[in-house]
Amino acid sequence: MAESRRLSWSSPRSILLLVVLGVTCRTGSGLEGRQHWWNVARRELREALNTRDNWNVAKNVILFLGDGMGITTNTAARIFKGQKLGMNGEEGYLSWERFPNAALMKTYNEDKQVPDSAATATAFLCGVKTNFFTIGLDSSVKLDDCTASKNKATHTPSILQWAQEAGKHTGIVTTTRITHATPAATYAHVAHRNWECESEVKGSCTDIAHQLVHDNPGRNVKVILGGGRQTMGVKSTVVDDMTCQRNDSRDLTKEWLRSKMVKGHKARYVTTARALAQVDPEKTDFLLGLFAESHLPFEVDRRPGSIGTPSLKEMTVKALRFLKKSDEGFFLLVEGGRIDHALHDNLAHRAFEEVVAMDAAVSAALKEVDLEETLIVVTADHSHVMTINGYPTRGNDILGLVGEKGMVDDLHYTTLMFTNGPGYNYTVKNDTVMRHDPSTVDTTDVDYRYQAAVPMPPIKETHGGEDVGLWAIGPMSHLFHRTHEQHYIAHAMAYAACIGPSLDDCKRPSHSTSSSGRSLRHYYEDLAIGTPRKSPQDTKVTHTEVFKSPVDGSEQSASAPSEVVENPKFPTLSPVLQQLLDNNKKKILTAEGPQTVNSFTNGANVEQLLGRSVTNARSA
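Each value, and the rule that gives it
- Residues numbered from 1 in each chain as written.
- Predicted model: local features only at pLDDT ≥ 70, side-chain atom pairs only at ≥ 80, totals over all residues.
- Heavy atoms only, no water.
- Helix = DSSP H or I, 4+ residues; strand = E, 2+ residues; numbered from the N terminus.
- Buried < 20%, exposed > 50% of the residue type's maximum accessible area, 1.4 Å probe, protein only.
- Areas by Shrake-Rupley, 256 points an atom, 1.4 Å probe, with all protein chains shown as cover.
- Pairing = 2+ DSSP bridges.
- Axes fitted to C-alpha atoms, helices over the stretch in contact; angles between N-to-C directions.
- Contact = heavy atoms within 4.5 Å.
- pLDDT = per-residue confidence, 0-100.

A. Quick look at the overall build of the chain. Across its full length, the chain holds 18 helices and 25 strands. A total of 620 residues make up the chain; the buried ones form 56% of that total. When the accessible surface of the chain is summed, it comes to about 26,000 Å², and 51% of that surface belongs to carbon and sulfur atoms.

The structure is reproduced here in structure tokens:
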């Protein structure tokens, strides 16, 4: 692994890390590893048995969408995150991976086996599958058919509209243009996703930006944060050639402000991180923040500071504090959109930094909301054609070489590769096609394009067609529990919140229980590792968990000889998630400075996260 991301275990910092987390490590035979993994599984089993479904009505719903964050990307980014913290990486977790419920989503479009982001966004936001490259329309409207798209009977309302109709506040946060495919599916209805400006529209249909400012439900969105000043008609000396320009001389940001002020609303339009930070949610009714002409910069290029671009985490926190004013609750879409853009260019390092940025945003959101009444869903719209291959050793740099050469061409190859894209690099020598030797360059560089089998132009690597993961926590999150069609997401979220199609059909079964107003913190305390909270009115079960030790075969207790365990209350969370949320007690010191442990299990599991004993790590 690159030295810049590996923590030296002989340094004072690494020693402090182990002291702070209270890790006790000992040397032993090979059987020690066997016992370790046994204990890890038993702990996870107990946590699973101590988790119960939350049948509350979701007052709030937050949907985090990692654009292009397929299973391979999720796994590789998890390893990347752990390696940035000086660990092997494989044993760590992204924040959402410790949520109690998970599922797989089938992403195909109505007319395509491998999908695009417009049709998938229509699926998970509007509850119906539709045609490739169309937004907010059912499949009776074909691509580019402006006339058919004008028929309002073909329009598919989104969960954002359902939330508004139920009196909830709504918000959109994205690292892409606010008129891009995913955010557009919350408010627009167009027969081509590229109709972001009127200059791109075929026929007499209205463009996406206009619909955001003047049509329902776009005009009623309380907070909108992202990029896209150019598609909104803002004049600038900087022009993005990859983004459409308006020809109607309209500045839709000014029209947005006027429309709010005419109705007596307090509205703010901001363009910098400083201006966003200065917005007081209590004194503002509507907020529009556009921080780039097109998409926001990649995280590795983002200029922090007052005149720079806010991070996804900062935008998410501001939006949540804005929306929490609503007594009726809210719906918020948060998109990590540039994961997709990096992968389209075979730039895996950039993509992983975007995932880590979204991980920070999710962790921040968990601290802002009450999970008794807030459903949080994290998923992707589609995958990409990246793979993790070879047989690299544990802890090998996920951005690096496998460690062995190809058996045919005798050349090194990387752990990460793509089946197509601009990363192809072939030459012909003596009528033999030869690929480039990646050992001659720095594969960890943020601009290194990983090798691809089928040549494609820049930014033209294709999507992948496999299922994507979904992770959920909060009221009714157990509705996500198997392989689902992607459009099921919108219906499950609506049922959880009793809005839209489930407004009059969200009865909870008679066996469900309620929390009787208990604070979620009490549940955290109930489920903390150690002696459970005792409550006289609750039924208790006394038992001893006995299992065969893998070391000597003798029977041993899992913890105490006789452990008093309360019947799980409602709603319950695993001790792992409690550790995720409570980040004020344990700190980890890395080469990058103080970092909060917010994605791993608990202090006692640091050795598990390292994948080896501290003694071995120091001598490695």
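B. The arrangement of unusual backbone geometry in detail. Geometrically, the link from Asn216 to Pro217 is a cis peptide bond, its omega value of 10° lying close to zero. Along the chain, Pro217 falls in the loop between helix 8 (208-214) and strand 4 (223-227). The backbone of Asp144 sits at a positive phi, close to 75°, despite the residue not being glycine. By the secondary structure assignment, Asp144 is in the loop between helix 4 (117-126) and helix 5 (146-149). Since its relative accessible area comes to 28%, Asp144 is described here as partly exposed.

C. Examining the sheet that holds strand 16 (residues 452-455) more closely. Read from one edge to the other, the open sheet built from 3 strands follows the order 10-13-16, with strand pairing classed as mixed. The sheet is open, and its two borders are formed by strand 10 (386-388) and strand 16, each paired with just one other strand. Ignoring strand direction, the axes of neighbouring strands in this sheet form an average angle of 20°. Across 3 bridges, strand 13 (residues 416-421) lies against strand 16 in parallel orientation. Within strand 16, the residue paired with Phe418 across the bridge is Ala452. Relative to strand 10, helix 3 (residues 71-84) is tilted by about 50°, and along the sheet it contacts strand 10 and strand 13.

D. Focus on the sheet that holds strand 7 (residues 330-336). Reading across the sheet, the 10 strands line up as 5-6-4-3-7-1-8-18-2-19 and stay open at both edges, with mixed pairing between neighbours. If you trace the sheet from one side to the other, it starts and ends with strand 5 (267-270) and strand 19 (483-485), each paired once. For this sheet the average axis-to-axis angle between neighbouring strands, irrespective of direction, equals 15°. The sheet contact formed by strand 1 (residues 60-66) and strand 7 spans 6 bridges and is parallel. Following the sheet pairing, Ile62 is matched in strand 7 by Leu332. Strands strand 1, strand 7 and strand 8 (374-380) of the sheet are contacted by helix 13 (residues 348-368), whose axis makes an angle of about 170° with strand 1.

E. Main features of helix 9 (residues 252-262). Inspection of helix 9 places Leu252, Thr253, Glu255, Trp256, Leu257 and Lys260 among the buried residues, and these make up the whole buried set. Looking at the buried side of helix 9, the elements it contacts are helix 8, strand 5 and strand 6 (286-290).

F. Up close: the environment of Leu411. Secondary-structure assignment places Leu411 in the loop between strand 11 (401-405) and strand 12 (412-414). Note: C-alpha distance between Leu411 and His436 (25 residues apart in sequence) is 8.2 Å. Setting aside residues up to four positions removed in sequence, Leu411 forms contacts with Lys405, Gly406, Met434, Arg435 and Asp437.

G. How the structure looks around the confidence of the model for the chain. Of the residues in the chain, 77% have a pLDDT of 70 or more, and the chain-wide mean is 84. Contacts of residues 513-576 to residues separated by more than four positions or lying in other chains number 113 contacts, the stretch itself having pLDDT below 50. Note that residues 583-620 has pLDDT below 50 and, in this model, 99 contacts with residues that lie over four places away or in other chains.

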